Amino acid sequence: MMRVRLKADGRIVEILPDGSERAILSQPDAGTAPAAGTQALASGNGSAAPPDAAYARGVRARTKLTQVQFASRIGVPIETVRNWEQGKRSPRGPARALLKVIDKAPDVAFAVLRKTED
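Residues numbered from 1 in each chain as written. Predicted model: local features only at pLDDT ≥ 70, side-chain atom pairs only at ≥ 80, totals over all residues. Heavy atoms only, no water.

## Section: the confidence of the model for the protein chain
For step 1, the next point in the chain: Of all residues in the protein chain, 75% have pLDDT values of 70 or greater, and the mean over the chain is 78.
For step 2, the next point in the chain: Contacts for the low-pLDDT stretch residues 30-47, under 50 throughout, to residues beyond four places or in other chains number 16 contacts. (pLDDT = per-residue confidence, 0-100. Contact = heavy atoms within 4.5 Å.)

## Describing helix α4 (residues 93-104)
For step 1, the next point in the chain: Here α4 spans 17 Å end to end across 12 residues, near enough to the 16 Å set by a 1.5 Å rise per residue.
For step 2, the next point in the chain: Of all the positions in α4, only L99, V101 and I102 are classed as buried. The buried residues of α4 occupy one face: seen down the axis, they fall within an arc of 160 degrees.
For step 3, the next point in the chain: Where α4 is buried, its residues meet β1 (3-6), β2 (12-15), α1 (51-63), α2 (67-74), α3 (78-86) and α5 (106-114). (Helix = DSSP H or I, 4+ residues; strand = E, 2+ residues; numbered from the N terminus. Expected span 1.5 Å × (residues − 1). Buried < 20%, exposed > 50% of the residue type's maximum accessible area, 1.4 Å probe, protein only. Arc of directions from axis to C-beta.)

## Concerning the side chain of E14
For step 1, the next point in the chain: Tracing the chain through its elements places E14 in strand β2.
For step 2, the next point in the chain: The exposure class assigned to E14 is buried, which follows from its relative accessible area of 13%.
For step 3, the next point in the chain: Those residues in contact with E14, other than ones at most four positions away along the chain, are M2, R3, V4, S20, E21, R22 and I24.

## Topic: the packing of α1 against α3
Two quantities define a packed helix pair, namely the angle between the axes and the distance from one axis to the other.
For step 1, the next point in the chain: At a closest axis distance of 6 Å, the pairing of α1 and α3 adopts a crossing angle of 125 degrees. With respect to their mutual orientation, α1 and α3 come out oblique. Mapping the contact onto sequence places D52, A53, A56, R57 and R60 in α1 and V81, W84, E85 and Q86 in α3.
For step 2, the next point in the chain: In terms of residue class, the contact of α1 with α3 is built from 4 nonpolar, 1 polar and 4 charged. (Axes fitted to C-alpha atoms, helices over the stretch in contact; angles between N-to-C directions. Parallel < 35°, antiparallel > 145°, perpendicular 65-115°, else oblique. Nonpolar A, V, L, I, M, F, W, Y, C, P; charged D, E, K, R; others polar.)

What follows is the structure, encoded as structure tokens:
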């Protein structure tokens, strides 16, 4: 089983058996364009979407899952995903970290979440 950790600077690292860490994915350079779905403004209508809502919607959209499928895979009620995407609530703490891991390494995140026995 692969153990991973999300670092404070956004990097995802693998925890090796000896306790050391090896980078899996690195934070994109500051000069690169932001990922789709992370922009704060909604296009076309001039109204501002909350940044957390756009981020949550973008992460789910990049996984190509419906709201129901995404909620089921991450183990939250569908209402939670809807509230995030509509800007009624913002993902905090562990939920925000999980979204970042899914955004950077969706295959790894969903593989870990699929395992129900330890």
